[in-house]
Structures are given as C-alpha cells and as structure tokens.
Amino acid sequence: MTEAVIVATARSPIGRAGKGSLVDSRPDDLTAQIVRAALDKVPELDPQEIDDLMLGCGLPGGEQGFNMARVVSVLLGYDHLPGTTITRYCSSSLQTTRMAMHAIKAGEGDVFISAGVEMVSRFAKGNSDSLPETQNPAFDEAQARTKQVAEEGAENWTDPREFDKLPDVYLPMGQTAENLARAKGISRDEMDDFGVRSQNLAEKAIANGFWSREITPVTTPSGTVADTDDGPRAGVTKEGVSGLKPVFRPDGRVTAANACPLNDGAAAVVVMSDKKAKQLGLTPLARIVSTGVSALSPEIMGLGPVEASQQALGRAGMSAGDMDLVEINEAFAAQVIPSYQELGIPLERLNVNGGAIAVGHPFGMTGARITTTLINSLQFHDKQFGLETMCVGGGQGMAMVLERLS
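Each value, and the rule that gives it
- Residues numbered from 1 in each chain as written.
- Predicted model: local features only at pLDDT ≥ 70, side-chain atom pairs only at ≥ 80, totals over all residues.
- Heavy atoms only, no water.
- Helix = DSSP H or I, 4+ residues; strand = E, 2+ residues; numbered from the N terminus.
- Rg over C-alpha atoms; globule rule 2.2 N^0.38 Å.
- Areas by Shrake-Rupley, 256 points an atom, 1.4 Å probe, with all protein chains shown as cover.
- Lys, Arg positive; Asp, Glu negative; His and termini not counted.
- Charge placed at Lys NZ, Arg CZ, Asp CG, Glu CD.
- Axes fitted to C-alpha atoms, helices over the stretch in contact; angles between N-to-C directions.
- Parallel < 35°, antiparallel > 145°, perpendicular 65-115°, else oblique.
- Left-handed = near helix turned anticlockwise from the far one by under 90°.
- Contact = heavy atoms within 4.5 Å.
- Nonpolar A, V, L, I, M, F, W, Y, C, P; charged D, E, K, R; others polar.
- Buried < 20%, exposed > 50% of the residue type's maximum accessible area, 1.4 Å probe, protein only.
- Pairing = 2+ DSSP bridges.
- Salt bridge = Lys/Arg side-chain N within 4 Å of Asp/Glu carboxyl O.
- Phe/Tyr/Trp six-rings, centres within 6.5 Å; stacked < 30°, edge-to-face > 60°.
- UniProt positions renumbered as here; feature names shortened; annotations may be inferred.
- 1 Å grid on protein atoms, 1.4 Å probe; cavity = no way out; pocket = protein on both sides within 12 Å on 5 of 7 lines; lining within 4 Å.
- Core = buried A, V, L, I, M, F, W, Y, C linked by side-chain atoms within 4.5 Å.

Student: Help me out: how do you make sense of the overall build of the chain in this one?
Tutor: Secondary structure assignment for the chain yields 12 helices and 12 strands. A globule of 406 residues ought to have a C-alpha radius of gyration of about 22 Å, and the chain, at 20 Å, matches this closely. For the C-alpha atoms alone, the extent of the chain along its principal axes is close to 60 × 50 × 45 Å. Surface exposure of the chain reaches about 15800 Å², of which carbon and sulfur atoms provide 50%. Side-chain charges in the chain split into 36 positive and 51 negative, and the spacing between the mean points of these groups amounts to 2 Å.

Below, the structure is given as structure tokens:
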C-alpha cells in the first residue's frame, strides 16, 4: 500500500497574543511565509504538482475567514492550487495532515500541504452587545450551570450527563480543566510541578539549540524579524508560582503557571506519497503510521488524548510502551497529567523539551507545530517512534503515530 510521508516542515516562532512579537501580522500573510519556507526545503518539487493546500484554523472568521487557505494559495502566486480551511479546534492542523494521509492512501493525489494558523491577536473585535448571539439555546441550562460554577466554585463537580442533562458544548477550556482536576483528584501542587517542569525543560532546550532547529524567522509588517518563541521563561521555580491566584474559579486550581497562554503562530507540513518522494529523490523525514480521533463529554474534554491515542496505537499494532517519545499538547497541566498516567507513558519520554505551557498553543497551528517538534525531537534524541496527541474543544481527542525515517 502507498504510504504517506512527511518531507518538510516549518513553523513560525510563537508570539504572545495581544502584546507579542507577531501582534501586527495578518494570519494569511504569516501562513504564506511559513508555507513558502516549507516548500523552499523541497526545491525538487514543482509547485504545479501540489494537489491541495489544507489549512487548519481553530476559530476561522474575521481576518481568518474567507477560506483563508485559498487566500494563501493566491498570495503565493499559485492560482492553480486549491485550498480548504478546516476547523477541529485545537487539532485543526493535525486533522489536515490526517486528510492528506487519507487522500494519498486512497490514490487521490501525491502531494499536499498541511498547514495551521491562529492569530488570537487579530480576532474580530467586539463585545456581547455588538455581536449577534450564535450559540444554540438548547445549551442555555448547561451554560447557566457553567456560569454558576465559575462564580461560586464547585468542590464536588459531577458530569451533568449523570443526571440526563446536556453537557455544555461551549464550555470554556479553563472550566473543563477545573472539572477534570476535581474528577481525577489532580492537586494544585501536582499541576504547578508540571508547569514548572515545562518551563524548565523549554529553557534547557533553548540553551542546547533544540528549538532554534525548527523555528523559521519571520518578518513582520513593522520590519522586525521574530525568531524565538515569546513564552518560555528562565528560572521558573515552584516557589515563584505557588502564590498565583486561580484564573477560572474562586476555589480553582488552574493558574497562569500551569496552563498555556493565548498565542499567535503558523506552521506547515509537506506530505507526499512515498512513491512521489522516491521519484523526486527525496529522503522523507517521517512516515505517518496511523491516526485516531475520539469524543467524550465536553465537561471533561481534557481526557481526549486517551482514547484517541489508544485508537492510533491499536491501528499501528503498537502500544504506548513502543513510543520512544510522546508529545501531549499542554493546554493545561490538569489534562496532561491524567492523560499520560492513564496511557501508561513514562514521564521521561513525555514532552522532553517542554510543551505548550512554556512555548504556547495557537489553536489552529498546534497540530502542525507538534508534528514539527516531534520529528525534530526524534532526530535530536536519535529515536524512532513518536506519538502526538491532544485534547480538543467541545469534547474530543486526536492522535498520530510517526516513524522517523531520517
């Protein structure tokens, strides 16, 4: 059977939303820079041979609207290149890679660009009075519960489905993290330890040159060049974060130190059939072994990586113990901790260069960014198999198994 392989990756630095290094960049312009950077790594490829550009975006709209993928194709001068913009929230650009793999295995193309972008800084501005109400009123009761819990706290939270009530499909991610911390007994102390770990490992990885290997410098409209992630902080300690106040509930456990920030960024992956790569004389970076996608109650969205990873591993005929390295997106320490524990992943193989708590989580970018990071990490640490997985807004999970080839 034809295999889907990755021949090039590129990613921008990750900026802090609203105040960081990419704040004045448009999402379509930034994506075009990054797609160009990925394609520049494959000079053997004639752009006329690209079958489709598939762009993941968590919240398309405003500057991220108008089928942004097609906008990017035209910005690049590729009038011939179709484009589609896909949302699966946090796993949007893992979904586009999955779609590329499926098309290749179905014999419906040989070359695809899987990209992802999110520019939280550039979201359409407005307030509750000026924007139309678009959420389904069937969830009004669930949202009222969410508001009450957020205001009053919930020491003994229980999933509303246990009482035949609809869960809140629009539940803010911070509330799901609090629910999961309660449901799984994850303490504030454990969450802070994990947040400090992420920052400390990212600091170490900056020093040893790991992150610079995968970041493509980008030029912003102001003429400045951004070439490093805004997020990682040097010298973070447990003592330094222990006094931070909860963000989402008065009795909460989630703080700015054990959760990802809001971010801007873009990433791109060039996916080919193994036959096309061979024809062009390319040595692929990695093979896409398998993928998985799952769903669960939105109220405990953070456990999404568990079933999705089990699916992907099962389809690969492998187990968590076969994975040399694992990247679980660090939306919140509250969800990474029970996920890696239930999957049986040794901590020493998990997010070994730090994760999104330190480097950031631009929703639509994250799937392609973690793919880039996982391949970089497998090369840097001379390992073969890796698992990428994440929780997804609305109560989902997604995962992919990769095999390093070069």
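That shown, we press on.
Student: How should I be thinking about the packing of helix α1 (residues 27–40) against helix α2 (residues 68–75) in this particular structure?
Tutor: The geometry of a pair of packed helices is captured by two quantities: the angle between their axes and the separation between those axes. With their axes 9 Å apart at the nearest point, α1 and α2 run at an angle of 60° to one another. Judged on the interaxial angle alone, α2 and α1 are oblique. The hand of the α1/α2 crossing is right-handed. In this structure, α1 contributes P27, D28, D29, T31, A32 and V35 to the contact, and α2 contributes M68, V71, V72 and L75. For the contact of α1 with α2, a count of residues per class yields 7 nonpolar, 1 polar and 2 charged.

Student: Is there a simple way to think about the pairing of strand β12 (residues 396–404) in this case?
Tutor: It is a general feature of regular strands that their side chains alternate between the two faces of the sheet. Along β12, 8 of the 9 residues are buried, which leaves the element largely enclosed by surrounding structure. Across 9 bridges, strand β9 (residues 286–295) lies against β12 in antiparallel orientation. Within β12, the residue paired with V293 across the bridge is M398. Where strand β11 (residues 385–392) and β12 come together, 8 bridges link them in antiparallel fashion.

Student: Would you take a moment to explain the side chain of E178 for this structure?
Tutor: Position of E178 relative to the elements: it lies in helix α5 (residues 173–184). Despite its burial, E178 pairs with no opposite charge; the closest candidate is R182, at 4.9 Å N-O. If near-sequence neighbours (up to four positions away) are discounted, E178 is found in contact with F248, R249, G252, R253 and V254.

Student: I would appreciate a short explanation of the packing of α5 against helix α10 (residues 333–343) in the present structure.
Tutor: Running from amino to carboxyl end, α5 crosses α10 at an angle of 45°, the nearest separation of the two axes being 8 Å. By the angle between their axes, α5 is oblique relative to α10. Read as a crossing pair, α5 and α10 show a hand that is left-handed. Residue-level contacts link A177, L180, A181 and K184 of α5 to A334, Q335, P338 and E342 of α10. Here the contact of α5 with α10 is built from residues that sort into 5 nonpolar, 1 polar and 2 charged.

Student: Sorry, what's going on with the packing of aromatic side chains here?
Tutor: Two numbers describe a pair of aromatic rings. These are the distance of the centres and the angle of the planes. Inspection of every chain in the model, using the stated rule, returns 4 aromatic pairs. For the pair F210 and W211, a centre-to-centre distance of 5.0 Å together with 80° between the ring planes defines the contact as edge-to-face. Take F210 and W211: they sit in the same class, and that class is buried. Arranged with centres 6.3 Å apart and planes meeting at 75°, the rings of F248 and F332 form a pair that is edge-to-face. Of this pair, F248 sits in the loop between α7 (238–241) and β8 (263–273) while F332 sits in the loop between β10 (325–328) and α10, and the two are 84 residues apart along the sequence. Looking at F332, the relative accessible area reads 6%, which means it is buried. Taken together, the ring pairs connect F210, W211 and F380 into an aromatic cluster.

Student: Help me understand the UniProt feature "active site" (unreviewed entry) in the chain in this model?
Tutor: The sites that UniProt annotates as "active site" (unreviewed entry) are C90, H361 and C391. On the basis of their most widely separated C-alpha atoms, the annotated residues across 302 residues gather in one place, lying no more than 12.0 Å apart. From the list above, the largest pocket is lined by C90 and H361. Here H361 is to be found in the loop between α11 (356–359) and α12 (363–380). Exposure remark for H361: the relative accessible area of 2% places this residue in the buried category. When residues no more than four places from it in sequence are discounted, the contact partners of H361 are C90, C260, P261, N263, N329, A356 and T366. Position of C391 relative to the elements: it lies in strand β11.

Student: So what exactly am I meant to see when it comes to the nonpolar core here?
Tutor: Taken as a class, soluble globular proteins show a tendency for nonpolar side chains to be buried jointly. Judged by nonpolar contacts, the single largest core of 38 residues is most densely connected at V7, V35, L39, L45, L53, I113 and M272. Elements represented by at least two residues in this core include exactly β1 (4–11), α1, β3 (52–56), α2, β5 (111–119) and β8. Ranked by residue count, the leading element in this core is α1, at 7 residues. Beyond its immediate stretch of four places on either side in the chain, L53 contacts V35, A69, V72, S73, L81, P82, G83, T84 and I113. Membership of the second largest hydrophobic core comes to 37 residues, among which are L180, M301, A312 and L313.

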